[in-house]
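For reference, the chains in residue letters:
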Amino acid sequence: MAFDERIGAAFGAASDTVKQLLALATASIGGAIALFDDGAKAGIDFGPADLWVRIGLMLLAFSVLGGLMALGAIAGQLGSDKVDTPNSYAPGLRLFYGLQLLAYGLGVVALVVHAVG
């Protein structure tokens, strides 16, 4: 299977974007745990807003899962014998990347709501 440079560049950009968002989501999870884990150490009292941290962490974890699925969709497009012309806009890839992006954004918003609340 041969494809032109544009298709290769499109898949490279899609793959890099998914990987960067994966790195941001995992770093955000680590940062949230470090900041909000122990109120006695960090001097942060969760109070009633503790739910926002949990929601944020779950959304960020869902973002990581969506990113892994998006990478799988990229590999499926590039490696499948059933796909004649790989497409970086394939529905599965767009779905998983969209879910990754949405979950990351909402997860960060939830953590910010906790931090300012």
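Check the entry above for the structure.
Read on for a plain summary of the structure. (Residues numbered from 1 in each chain as written. Predicted model: local features only at pLDDT ≥ 70, side-chain atom pairs only at ≥ 80, totals over all residues. Heavy atoms only, no water.)

1. Comments concerning the nonpolar core
Note that soluble globular proteins tend to have their nonpolar side chains buried in a common cluster.
Stage number 1. Phe36, Leu60, Val64, Ile74, Leu93, Tyr104 and Leu111 are the most contacted members of the largest nonpolar core, which has 18 residues in total.
Stage number 2. Only helix 1 (5–36), helix 3 (50–79) and helix 4 (91–116) provide two or more residues apiece to this core.
Stage number 3. Considering every element that reaches this core, the biggest residue donor is helix 1, with nine residues.
Stage number 4. Look past the residues within four positions of Ile74 in its chain and what remains in contact with it is Phe11, Ala14, Ser15 and Leu93. (Core = buried A, V, L, I, M, F, W, Y, C linked by side-chain atoms within 4.5 Å. Buried < 20%, exposed > 50% of the residue type's maximum accessible area, 1.4 Å probe, protein only. Helix = DSSP H or I, 4+ residues; strand = E, 2+ residues; numbered from the N terminus. Contact = heavy atoms within 4.5 Å.)

2. Examining helix 3
Stage number 1. Taking 1.5 Å per residue as the helical rise, helix 3 with its 30 residues ought to reach 44 Å, and the 44 Å between its terminal C-alpha atoms agrees with that figure.
Stage number 2. Inspection of helix 3 places Asp50, Val53, Gly56, Leu60, Ser63, Val64, Gly66, Gly67, Ala70, Ala73, Ile74 and Gln77 among the buried residues, and these make up the whole buried set.
Stage number 3. Against helix 1 and helix 4 lie the buried residues of helix 3. (Expected span 1.5 Å × (residues − 1).)

3. Some details on the packing of helix 1 against helix 4
Stage number 1. Between helix 1 and helix 4, whose axes approach to 11 Å, the crossing angle comes to 25°. Viewed along their axes, helix 1 and helix 4 adopt a mutual orientation that is roughly parallel. Note that helix 1 runs across helix 4; the crossing there is left-handed. Facing helix 1, whose interface residues are Phe11, Thr17, Val18, Leu21, Leu22, Leu24, Ala25, Ser28, Ala32 and Phe36, helix 4 presents Leu93, Tyr97, Gln100, Leu101, Tyr104, Leu111, His114 and Ala115.
Stage number 2. Among the residues making up the contact of helix 1 with helix 4, the classes are represented as 14 nonpolar, four polar and no charged. (Axes fitted to C-alpha atoms, helices over the stretch in contact; angles between N-to-C directions. Parallel < 35°, antiparallel > 145°, perpendicular 65-115°, else oblique. Left-handed = near helix turned anticlockwise from the far one by under 90°. Nonpolar A, V, L, I, M, F, W, Y, C, P; charged D, E, K, R; others polar.)

4. As for helix 4
Stage number 1. For helix 4, with 26 residues, the first-to-last C-alpha span of 37 Å sits near the 38 Å given by 1.5 Å per residue.
Stage number 2. Among all positions in helix 4, only Leu93, Gln100, Ala103, Tyr104, Gly107, Ala110, Leu111 and His114 are buried.
Stage number 3. Where helix 4 is buried, its residues contact helix 1 and helix 3.

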